[in-house]
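Working through the structure, step by step
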Amino acid sequence: MPTIDRAACEAMDRDDPLAPARVRFHLPDGVIYLDGNSLGALPRATPERLARLVTREWGDDLITGWNKHGWVELPRRLGAKIAPLVGAQADEVLVCDSTSLNVFKLLSAALSANPQRRLILSDSGNFPTDLYMAQGLAALLGRDHRLELVPPEGVMERLAEDVAVVMLTEVDYRTGRRHDMAAINERARSHGVLTLWDLAHSAGAMPVELDRTGADFAVGCGYKYLNGGPGAPAFLFVARHWQDRAQQPLFGWFGHARPFDFDTSYAPRDGIDRFQVGTPPVISMAALECGLDTFAGIDLQQVRAKSLALGDLMIRLVEQQCAGFGLSLASPPAGAARGSQVSYAHGHGYAVMQALIARGVIGDFRAPDLLRFGFTPLYLRFADIWDAVAVLRTVLMQEEWRRPEFHQRAAVT
Ligand SMILES: *Cc1c(COP(=O)(O)O)cnc(C)c1O
């Protein structure tokens, strides 16, 4: 394969149909940001929107803002903006709570919809909070529900008549390995197994087809590829035919049919709204809306094509420039089997990442030994990948990671 130089990367940037989207974001000078899969960058529109919300809507209009500024409709309005990103109808998606809480609510709803079965199936690569939620729910239900974990490659084969619900994260947060959602949904359906997908590393990074592939339930994250800001609210999806049949366990007043009757008995609202719990966090929702608006007019097929091209470029450049320094590719080399990130194992992964960050190349580290680089097609350039790999080469060649300050662990990695 011919070697690639920086000029070739610049030429790719000139041909990139998504290049104009970069100005929608604030990106600090001197930083190459390869961690938008953990916390999306700040949209340029967000600071002004939040200032207006706080000073005018809240400051001047006080409680009248709930009606006057449509605050009360935010969970549905934002859900409708997420729907096209995940292949759902506008009335199948709701923005509320955190991903963890939404896993709990929907897993419980799925178990209630498949009452003869007790088994929750997941894979050993799933994100821990999803597994913890399942363990906590099983303990709370106290009716012999249990969680079984199989390796990711073993999920298809394990789908059988004893499984109530299969709960999977489509794209593995560590390796970027991607499940075949269409195939799993089809096989699950043929065995009477319900599906619950976590789209934390899919929504906004690639097209998702929840309705077309027949998914039952899904959750996703607002602060990763959706650019909603730290701790942004999450979203949930409930296929329309389940909305009035599956019961979620947290009877909050925002899920009540008539919250302002202040009735002492719970009666669920119709449709997706019954999956709301309490008062929506209006300021966080406004920030998330700015994040969602960065997708206005964006073609998700182009997002996916660029995401894979960025990943392929990184893999090739690391092969070219960093061979012999102890890195081994931990992600699927084939794009179709990969999400929007590339990970490498390295014996001193944590310190290598700290040394990269000190030089302005921000990725992250995932235990035990993974360097993780995420690709956000709306604001990354091909030349950024070239520059990042050049820095990686320097850090490894000069063994900068040996410096003691790069070995001190912070609370968040
Ligand atoms: C980031 C992430 C979460 C985060 O859940 P929170 O409740 O927002 O902390 C959950 N699941 C997956 C797969 C994630 O990647």
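Each value, and the rule that gives it
Residues numbered from 1 in each chain as written. Predicted model: local features only at pLDDT ≥ 70, side-chain atom pairs only at ≥ 80, totals over all residues. Heavy atoms only, no water. Helix = DSSP H or I, 4+ residues; strand = E, 2+ residues; numbered from the N terminus. Contact = heavy atoms within 4.5 Å. Domains from an automatic or database assignment. Buried area = accessible area lost by both parts, 1.4 Å probe. Salt bridge = Lys/Arg side-chain N within 4 Å of Asp/Glu carboxyl O. UniProt positions renumbered as here; feature names shortened; annotations may be inferred. Buried < 20%, exposed > 50% of the residue type's maximum accessible area, 1.4 Å probe, protein only. Pairing = 2+ DSSP bridges. Axes fitted to C-alpha atoms, helices over the stretch in contact; angles between N-to-C directions. Near = heavy atom within 4 Å. Polar contact = N/O pair within 3.5 Å; in protein donor to acceptor, adjacent residues only side chain to side chain. Nonpolar A, V, L, I, M, F, W, Y, C, P; charged D, E, K, R; others polar. Core = buried A, V, L, I, M, F, W, Y, C linked by side-chain atoms within 4.5 Å.

This part is about the side chain of Glu 400. With respect to the element layout, Glu 400 can be found in the segment after α13 (382-397). Every residue in contact with Glu 400, bar those within four places of it in the chain, is listed here: Ala 355, Arg 359, Thr 394, Val 395 and Phe 406.

With domains assigned, the protein is organised as domain 1 (6-44 + 299-407) and domain 2 (49-293). Relative to domain 2, the C-alpha centre of domain 1 lies at a distance of 29 Å. Opposite the 31 residues of domain 1 that make contact, domain 2 presents 24 residues. Together domain 1 and domain 2 conceal approximately 2,000 Å² of surface at their shared face, both sides included; 58% is due to carbon and sulfur atoms. Between the two partners, domain 1 and domain 2, sit zero salt bridges.

With that settled, consider unusual backbone geometry. Of note, the amide linkage connecting Ala 367 to Pro 368 takes the cis form, showing an omega dihedral of 5°. Residue position: Pro 368 is located in the loop between β14 (364-366) and β15 (370-374). Not every positive phi belongs to a glycine, and Phe 262 is a case in point at roughly 50°. Take Phe 262: it is sitting in the loop between α9 (240-243) and α10 (282-293).

Attention shifts here to the UniProt feature "binding site: pyridoxal 5'-phosphate" (unreviewed entry) in the protein. Within this structure's numbering, the places UniProt gives as "binding site: pyridoxal 5'-phosphate" (unreviewed entry) are Thr 99, Ser 100, Phe 127, Pro 128, Thr 129, Asp 130, Thr 169, Asp 198, His 201, Tyr 223, Trp 253 and Thr 279. In sequence the annotated residues extend across 181 residues, and in space they extend as well, their farthest C-alpha pair lying 30.8 Å apart. Following the sequence through the fold, Thr 99 ends up in helix α5 (residues 99-113). Mapped onto the elements, Asp 198 comes out in strand β8 (residues 194-198). The class of Asp 198 is buried, set by a relative accessible area of 5%. Look past the residues within four positions of Asp 198 in its chain and what remains in contact with it is Thr 99, Asp 130, Leu 168, Thr 169, Glu 170 and Val 219.

Bringing the sheet that holds strand β7 (residues 163-169) into the picture now. Strands sit in the order β4-β10-β9-β8-β7-β5-β6 across an open sheet of seven strands; the sheet is mixed. With one partner strand each, in any of the chains shown, β4 (93-95) and β6 (146-150) form the two edges of the open sheet. Sheet twist, expressed as the average angle between the axes of neighbouring strands with direction ignored, equals 20°. Across four bridges, strand β9 (residues 217-220) lies against strand β10 (residues 235-238) in antiparallel orientation. When the sheet's bridge partners are listed, Gly 220 is paired in β10 with Phe 235. Lying on the sheet, helix α4 (residues 74-86) is in contact with β4 and β10; it crosses β4 at an angle near 130°. This element, α5, spans β5 (119-123), β7, β8, β9 and β10 of the sheet and lies at about 175° to β9.

Around the ligand, the neighbouring residues are Ser 98, Thr 99, Ser 100, Phe 127, Thr 129, Asp 130, Thr 169, Asp 198, Ala 200, His 201, Tyr 223 and Lys 224. Ser 100 is positioned with one of its side-chain polar atoms (N or O) 2.6 Å from an oxygen atom of the ligand. Listing elements by their share of the shell around the ligand, those giving two or more residues are α5 and α6 (128-141). Looking at the shell around the ligand residue by residue, the class counts come to three nonpolar, six polar and three charged.

What follows is about the pairing of β9. Side chains Phe 217 and Val 219 project from β9 onto one buried face, and the interleaved Ala 218 and Gly 220 project onto a second face that is buried too. Across three bridges, β8 lies against β9 in parallel orientation. Paired with Trp 197 across the bridge in β9 is Ala 218.

In the UniProt entry, the feature "modified residue: N6-(pyridoxal phosphate)lysine" (unreviewed entry) is given for Lys 224. Considering the arrangement of structural elements, one finds Lys 224 in the loop between β9 and β10. Sequence-distant contacts of Lys 224, defined by excluding residues within four places in its chain, comprise Gly 36, Asn 37, Ser 38, Leu 39, Gly 40, Ala 200 and His 201.

Another point: the nonpolar core. Within the largest apolar cluster, 82 residues are counted, with the highest numbers of intra-cluster contacts made by Val 86, Val 165, Leu 199, Leu 210, Phe 217 and Phe 235. At eight residues, α5 tops the list of elements feeding residues into this core. For this core, the two domains that each supply at least three residues are domain 1 (6-44 + 299-407) and domain 2 (49-293). Excluding residues that lie within four positions of it along the chain, Leu 199 makes contacts with Val 86, Glu 170, Met 181, Val 208, Leu 210, Ala 218, Val 219, Gly 220 and Phe 235.

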